[in-house]
Amino acid sequence: MFIPLCLSPYFLSILSPPVKQEKRKIKRIMVTSVHIWLTSASKQVVRACIYEDPLGRDPVEIVTLKESNGVWCAIGPRSWEGCYYVYEVSVYHSSTLRIEKCIANDPYARGLSSDGRRTLFVDLDSDALKPKGWCNLADDKPILHSFSDISIYELHIRDFSVNDPTVDADFRGGYLAFTSQITKCWNHYHLIQMNSRLISQPFKMKMGTTGGKISFLIVIASPLGNGVYYDPVLWGVPKGSYASNPNGPCRTIEFRKMVQALNCIGLRVVLDVVYNHLHGSGPFDENSVLDKIVPGYYLRLNRDGCIEQSTCVNNTASEHFMVDRLILDDLLCWVVQYKVDGFRFDLMGHIMKRTMVKATNVLNGLSKDTSGVDGSSIYIYGEGWDFGEVEKNRRGVNASQFNLRGTGIGSFNDRIRDALLGGSPFGHPLQQGFVTGLLLQPNDHNHGSKADQERTLAGSKDHIQVGMAANLRDFVLTNCDGQEVKGSEVLTYGGSPVAYALSPTETVRVVRVFLMNYIWLLSILLPVIHSSTSTRPRDQLLSLSQVNYVSAHDNETLFDIVTLKTPIEMSIDERCRLNHLATSIIALSQGIPFFHAGDEMLRSKSLDRDSYNSGDWFNRLDFSYNSNNWGVGLPPREKNEKSWPLIKPRIGDPSFKPQSTHILSAVENFLNVLRIRYSSPLFHLRTANAIQQRVRFLNTGPSWIPGVIVMSIEDGHEGVPGLSQLDPIYSYIVVMINVCPTAVSFAIPTARTRTFELHPVQVVSSDEIVRNSTYEALTGCFTVPPRTTSVFVEPRNT
C-alpha cells in the first residue's frame, strides 16, 4: 500500500496500541514504503514485485525487503504511487512440509487491481481521494442521542438499485446509486458484503419448466458480476464490482461519496464485516493471503493440524495476537478513513470476546479532534452464536450471546424470531409459531396433541414478551404457568435461558430485512428519531444493545416464511396481514429493531432459503411496488431441493402472489408502525431499569386468551412523586397484538380511570381494519380486529 514513511499499519501495530495510532502527529515524508510482519527465519527471503499496470506484464522492479524485529520493510520513490505490487515470500508450509515460494497480496491492502491479484499503492489521506466536504463529515452526520434510538435496515448494495430505472444506468448496482436522492425512512443502513472477494465462478443461467404454467429459472451468479459471497479474501478494501472502475482508487472515492450522501440525508452507515473466516488457504490457492504470509498462524487449527471449518470455510484465530491486531487495525481504517458508523459482525461468536471488547473501547475512544470521528456514536453488533470448536469457551472466552452481556455489544435475538415464526431455520419448514398459525390456524404438519400445541403457543408467548422487553435477563414477568419469573428463568425448548441481555441495546431485534445469506454491508437506521433537546452523555450511548428480528439475509424472507408455514388455503389478504403483524411486534419492542430490506414491501425470493448465490433474478427489489418477486422460478437446487415438494404447489398457484395494492398497503402499514415507535420515547427506553419500571405484560398466566399479547408502558407526571416524565404527549400506552383469525376483546380494570384512544397514526391509516379497533372507557375493554396490532394512547391534554 502507498503510505507516508513509518505509517504502515503493520509497522504501527508492532509499535503502538491502536488508540494512540490516531493521536500521533507524524510529518508526511514524500516517499513510499511497504511493511509486512513475518515470523523470524534466518534464511527467509521477502521481496516486493512492483507493476505499473493492474493486469499483465512483468514487474518493473523487484525490491528485497529488510527485516527488523519481525517487520520486513522497503522504502521506494513517490513514483510508486498508483502502481501495484505483490509479495514474494519463501516460507516453510506445514501443508507441504517444504519451503514454498508464495505470491501474496498485502494483508493490509487498501487498494486492489480489478481481479484482486495485486495490491494498489494508494494514499488514503490524499486530498484527491476525498469528496468535497469529506474532512468535515463528522459534523454533518445525523445526531444519535442514544443507541436505543436506532432502527436497522439490512440492504444489499446491488439490490438497492440494479433494477431501478430511475437511477442512472452507469450507477445501477453500485456505490454511486446512493448519491442520488434517497427517501429518508431509516437512520442506519446496513450494507452487505463490502470486502473484496475473489471467486471466479462464471455466471450461469439454466432455464427449464416443471410441467406447470411457470417457467423456472435457476441462477448461479459470479460475485464479480451479479452475485455476492461471504467468503472474504482481504478485509480492508471496498468491493470493486460496485465501483465504476475497479482498478485504481475509484472504489475508495465512490465508497466515500456513498457514505457522505447517506449521512447528509440523515442516514448512518453500518458495515457488514466477516472476520471469522477467509476464503483461501495453503501456499498455492490464488485466494489465499494470510496463510501464505505466516502459514498456520492466522487460521485456526485443530489437534491434527488441519484448519477448522465450522463456519463453512477457513476459520480465523483471533485468539492470536496479530490476528486480533489485524482486526482492530482494519476496523480503525473503516472508521477513520471511510467514516462508517458501525459494524455488524458475521458469526461474531467465533471471535474472542477480548477482541470485541478491545474494538469497542478503541473505537469509542476516537474523537473529532484527533481522528475526525465521534467514536462514542459507533454501534457494534453481530451474530453471537456459540458452536463449533469455540463452543463453551474451548478456545478462550468467545463473543457469544451470554459472554457479551454488560459489554454494550449488540447480538441478534434468535429467541423472538423462532417464537414468532415457529421452529428454527434448521427445523421442519412447516413448523408453525405464534404468528404463523400454531393452534389457531393449523397447517398439515403434525404439531402434536391440542394440549401440546396450547403449551407450545403459551411458551412462545413468554419468549416473545421477554424479547419485547429487550430480552433483559432480570426483567420480571408472569409466565404461562402464572409464576412470577425473571427473563433468565424463562427457558428455550433446549433448556437454556431465553434472556441474556443486561441492557436494551444488547439485543438486535431482526425482522428479516436484509438479503438472507447474501451480500452484507449496508445497514440503515431510521431518521425518524424522537426529537430531544437533552444532551447525550457518552455512557448513555454505551448502555443499550439488544437486537430483535424475525428475518435477515439468511434463510427465507419474512413473506416467504409466512407463506410456507401458514395453511395452504389461507388467503393472500390474511398472509399479508401476518407479514405486517410480525414486523410490528419487532418495531414496537424495546431494544433495537432490525429489518431485512423488502420486509416492508412483502419481499419474496420465491422461497429461496439461501439467495447469496442466486443472482438478481431471485433477489430483485421492486421499489415501484408493482411486484414482490413471488413465483419467478423454482429456487436453486443446492439449498432448496428437499423443500421442492412444498415449494412447487405454492409458487405455481397464482392466488399466492400479492397484487400491487397489497404491497402498497404493506408499505404504508410498515411506515405507520415506525412513526408510532418514534412518536414516543416510551417505545425506545434507554435503560434496563426504565424498562423494568414502566413495561408490563397483561393477559398472562394459564387463563390467558390464546394468540393475544397485551403490553402496557406507563409514564410519570411532572411534579408528581414516582416515575419521571419522559413523554410530553402521552402518559400511558397499551399495545394489543392479536394473531387470531377473529376479533378479540380484553378488559384492563385499571384502564377504567383512563382516557385511551387509538393512536393518531392508526386513526388516519388507510387500513380500515385497524381503524375498527375500539376502547370502552366504562369497562376498560379494548377490542382489536383479527391479525392486527393496535396501539392505544392516553394523551396528556385529556
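Placed above this text is the structure.
Quick caveat, the model's predicted, so the values are computed rather than measured.

## What about the environment of Leu-404?
By secondary structure assignment, the location of Leu-404 is in the loop between strand S19 (379-382) and strand S20 (410-413). A sequence separation of 98 residues divides Leu-404 from Leu-502, and the C-alpha atoms of the two residues are 9.4 Å apart.

## Considering a nonpolar patch on the surface
A contiguous nonpolar surface patch, about 350 Å² in accessible area, is contributed by Tyr-92, Leu-97 and Ile-99. With respect to the secondary-structure elements, Ile-99 resides in strand S7 (residues 98-104). Residue Ile-99 is classed as exposed on the basis of its relative accessible area of 54%.

## Some remarks on unusual backbone geometry
With a phi angle near 40°, Leu-347 is a residue other than glycine that sits in the positive phi range. Inspection of the secondary structure puts Leu-347 in the loop between strand S18 (342-345) and helix H8 (353-364). Leu-347 sits in the buried class, given a relative accessible area of 14%.

## Remarks on the sheet that holds strand S5 (residues 71-76)
Pairing within the open sheet is antiparallel, and its three strands lie in the order S1-S5-S4. Only two strands of the sheet have a single neighbouring strand rather than two, namely strand S1 (32-37) and strand S4 (66-68). The mean inter-strand angle of the sheet, taken between neighbouring strand axes irrespective of direction, is 30°.

## Some points on the sheet that holds strand S30 (residues 744-747)
The strand order S30-S33-S32 describes an open sheet built from three strands, whose pairing is antiparallel. A strand with exactly one partner marks an edge of an open sheet, and here the two such strands are S30 and strand S32 (774-776). Direction aside, the axes of adjacent strands within the sheet are offset by 20° on average. Relative to strand S33 (residues 781-784), S32 is paired through three bridges, and the arrangement is antiparallel. Across the sheet, Thr-774 pairs through a bridge with Thr-783, a residue of S33.

The rules behind the values
Residues numbered from 1 in each chain as written. Predicted model: local features only at pLDDT ≥ 70, side-chain atom pairs only at ≥ 80, totals over all residues. Heavy atoms only, no water. Helix = DSSP H or I, 4+ residues; strand = E, 2+ residues; numbered from the N terminus. Patch = residues over 30% accessible without salt bridge, like charges linked within 9 Å, V, L, I, M, F, W, Y side chains within 5 Å. Areas by Shrake-Rupley, 256 points an atom, 1.4 Å probe, with all protein chains shown as cover. Salt bridge = Lys/Arg side-chain N within 4 Å of Asp/Glu carboxyl O. Buried < 20%, exposed > 50% of the residue type's maximum accessible area, 1.4 Å probe, protein only. Pairing = 2+ DSSP bridges. Axes fitted to C-alpha atoms, helices over the stretch in contact; angles between N-to-C directions.

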